[in-house]
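# Secondary and tertiary structure notes
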Amino acid sequence: MDRFVIEGGYPLTGTIGISGAKNSALPLLSAALLCDGEYVFDNVPNLRDTRTMLRLLGDLNAHGSIDGSVLHLQVGESANRTASYDLVKTMRASFYVLGPLLARYGEARVSLPGGCAWGPRPVDQHLKAVAKLGATIDIDAGYISARCDKLRGTEIIFELSSVGATGNVLMAAVLAEGTTVLENCAREPEIVQLTEMLVAMGAEIEGVGQSRIVVHGVKELHPVSLAIIPDRIELGTYMIAAALVGESIRFDGGNAKHIGIVIEKLREAGCQIDVDATDTITVKRPDKLHPVDIKTAPYPGFPTDLQAQWIALMTQASGDSLVTETVYLDRFTHVAELRRLGAQIRMDGNVAQVVGNIVLKGAPVMSTDIRASSSLVLAGLAASGSTLLSRIYHLDRGYERIEQKLTEVGAHIVREKEE
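Residues numbered from 1 in each chain as written. Predicted model: local features only at pLDDT ≥ 70, side-chain atom pairs only at ≥ 80, totals over all residues. Heavy atoms only, no water.

### Some details on empty space enclosed by the protein
For the coordinates displayed, the defined rule picks out 1 cavity of 30 Å³ or more. The computed volume of the largest cavity comes to approximately 30 Å³. Taken together, Ser19, Gly20, Lys22, Pro45, Leu47, Asp231, Glu234, Gly398 and Glu400 make up the full set of residues lining the largest cavity. (1 Å grid on protein atoms, 1.4 Å probe; cavity = no way out; pocket = protein on both sides within 12 Å on 5 of 7 lines; lining within 4 Å. Points joined across faces, edges and corners; volume = space filled by probe spheres on them.)

Below you can see the structure in the form of structure tokens.
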């Protein structure tokens, strides 16, 4: 197992290129199961999670070959309708195959998901929705089995705005008989791209990017080619790194519109942020970092996937701040590890009270999930001395070449085998 050795105290300057979005690539690859043929995906990030998805798709007779960031995926009819525990346990997004398999074959057997080790993130909204579409659901020996003669359109109101449930039900509804009306849909850019892909495949969908989406079922779809959108969470993470220890960092290949709230909050913190006509973003760290409260929320609110990184940033602000988590109320496994580096963070339910002006010092810390891991990388960059970050396979799931990208702008990070 690998770990990072991070030497803190080095300023960052230069240019970082932004990779394709993992959270868009995974549902798009799942959507390819809806019909046979060759798909071409550009700007595909080379991550542990995308490789895991390709292994799962291979089990379902969808075989991919990658050349750089371009993925050719050949999809054929599959006799296998099972997403195995061995793969689904490592990545929650594997659950996205439920909708396509059920829509196309009338059956799907998917292991209950695993992935990041924080909090209960139930799939009940997925299951309630496909049941309303006409599927029979059984849970046995850790697997969810869904069957139907034919999915039929209906009205579905999501109790919570869920990215995963919205995506899964969209993929199920496009081949259902009749019209499906979805209310309280997630509006994240990744869901927008999934909806646009389905439309390009021949689906009839109204309300792209809205909280109310109407799907008119069609009998068949066709393959498409497209480019994955930039990863807004990777971009936000590196922008926070620039605010924390950067001098001036330029970001190429991102989309400023996807992280408007993050840009707004960084400007409140005192950062100078410039966005040009080509969407190149430049972040300059202020001499004095101001404390800024944030509250996570579904898009276009502040992303829950940047909450941990913001806490790391606020340890270096000139005063105290509050970070309120409203999406996953117990998503604070990183707090104990940040405290090992000297952070002073008081928890009150789903609110973190972050003390600013703290001198961080390197120490051994451990990753618990993708975004918690990145917050520890950022804190390690700001700390004095060496930080030993273990279990970095979490980072490999969600960040493409994170140590290389940061090293190229001045960070001192070495990957080594744990003793």
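### Considerations on the layout of surface pockets
Quantified by volume, the second largest pocket comes out at close to 250 Å³. Considering the residues around the second largest pocket, the lining is formed by 17 residues, among which Ala243, Leu244, Val245, Arg285 and Gln316 are closest to the centre. Of all the elements in the fold, those that place two or more residues in the lining of the second largest pocket are helix 8 (232-245) and helix 12 (370-382). Counting residues per element, the lining of the second largest pocket draws most heavily on helix 8, which supplies 3 residues. (Helix = DSSP H or I, 4+ residues; strand = E, 2+ residues; numbered from the N terminus.)

### What to know about the pattern of salt bridges
Tallied over the entire structure, the rule returns 19 salt bridges. Between Asp396 and Arg415 there is a salt bridge; the shortest N-O distance is 2.9 Å. On the criterion of sequence distance, the pair formed by Asp396 in helix 13 (residues 393-398) and Arg415 in strand 24 (residues 412-417) is long-range, its members being 19 residues apart. One network of salt bridges, in which partners are shared, links Asp2, Asp396, Glu403, Arg415 and Lys417. (Salt bridge = Lys/Arg side-chain N within 4 Å of Asp/Glu carboxyl O.)

### Some remarks on the packing of aromatic side chains
All chains considered together, the criterion is met by 3 aromatic pairs. Centroid distance Tyr39 to Phe41: 6.2 Å. Interplanar angle 5°. Geometry classified as stacked. Accessibility expressed as a relative area gives 0% for Tyr39, which makes it buried. Over the ring of Tyr105 we find Arg81; its NZ or CZ atom is 4.0 Å from the centre of that ring. Positioned above the aromatic ring of Tyr143, the side-chain terminus of Arg109 is 3.9 Å from the ring centre. (Phe/Tyr/Trp six-rings, centres within 6.5 Å; stacked < 30°, edge-to-face > 60°. Buried < 20%, exposed > 50% of the residue type's maximum accessible area, 1.4 Å probe, protein only. Lys NZ or Arg CZ within 6 Å of the ring centre and 35° of its normal.)

### So, unusual backbone geometry
Following Tyr299, the chain continues into Pro300 via a peptide bond in cis, with omega recorded as 15°. One can find Pro300 in the loop between strand 18 (294-295) and helix 10 (307-314). Its identity is not glycine, yet Ala141 carries a phi of approximately 55°, on the positive side. Non-glycine residue Asn357 carries a positive phi angle of around 60°. Within the element layout of this structure, Asn357 appears in the loop between strand 21 (351-354) and strand 22 (364-366).

### Notes on the environment of Leu151
As for its position among the elements, Leu151 is in the loop between strand 9 (143-147) and strand 10 (155-157). Relative accessible area serves as the criterion here: at 4%, Leu151 is assigned to the buried category. Leu151 has contacts with Leu102, Ala103, Leu133, Ala135, Ala172, Ala176 and Glu177, leaving out every residue within four places of it along the chain. (Contact = heavy atoms within 4.5 Å.)

### A closer look at the sheet that holds strand 17 (residues 281-284)
If you walk across this open sheet you meet the 4 strands as 2-15-17-16, and the pairing is mixed. With one partner strand each, in any of the chains shown, strand 2 (12-17) and strand 16 (272-275) form the two edges of the open sheet. Between one strand axis and the next, the sheet turns by 10° as a mean value, whatever way the strands run. Where strand 16 meets strand 17, 4 bridges bridge the pair, whose relative direction is antiparallel. Paired with Asp274 across the strands is Thr282, a residue of strand 17. (Pairing = 2+ DSSP bridges. Axes fitted to C-alpha atoms, helices over the stretch in contact; angles between N-to-C directions.)

### Some details on the pairing of strand 5 (residues 70-75)
Look at any regular strand and the pattern is simple: side chains alternate between the two faces of the sheet. By the alternation rule, side chains of strand 5 split into Leu71, Leu73 and Val75, which are all buried, and Val70, His72 and Gln74, of which none is buried. Summarising the sheet, strand 3 (residues 37-42) and strand 5 pair through 5 bridges and their orientation is antiparallel. Looking across to strand 5, one finds that Gly37 is bridged to Val75. In the sheet, strand 4 (residues 62-67) pairs with strand 5 via 6 bridges, with the strands oriented antiparallel. What sits directly across from Gly64, in strand 5, is Leu73. Between strand 4 and strand 5, which pair antiparallel in sequence order, lie 2 residues; one of them, Gly68, sits at a positive phi of approximately 70°.

### Focus on the sheet that holds strand 21
As summarised here, the arrangement of the 4 strands in space is 18-19-21-20, forming an open sheet in which the pairing is mixed. Pairing within the sheet leaves two strands with one partner each, and these edge strands are strand 18 and strand 20 (345-348). The pairing of strand 18 with strand 19 (residues 321-324) spans 2 bridges and is classified as parallel. Residue pairing in the sheet places Lys295 in a bridge with Thr324 of strand 19.

### Concerning the nonpolar core
In terms of nonpolar packing, the biggest core is built from 76 residues, with Leu34, Tyr39, Phe41, Leu73 and Leu198 touching the most fellow members. The element that contributes the greatest number of residues to this core is helix 6 (residues 163-173), accounting for 6 residues. When residues no more than four places from it in sequence are discounted, the contact partners of Leu34 are Pro100, Ala103, Arg104, Met171, Val174, Leu175, Leu198, Met201 and Leu221. Within the second largest apolar cluster, 68 residues are counted, among which are Phe251, Ile281, Ala379 and Leu406. (Core = buried A, V, L, I, M, F, W, Y, C linked by side-chain atoms within 4.5 Å.)

### Comments concerning the environment of Asp67
Along the chain, Asp67 falls in strand 4. For Asp67, a relative accessible area of 61% gives the class exposed. Sequence separation between Asp67 and Asp320 is 253 residues, and the spatial gap between their C-alpha atoms is 47 Å.

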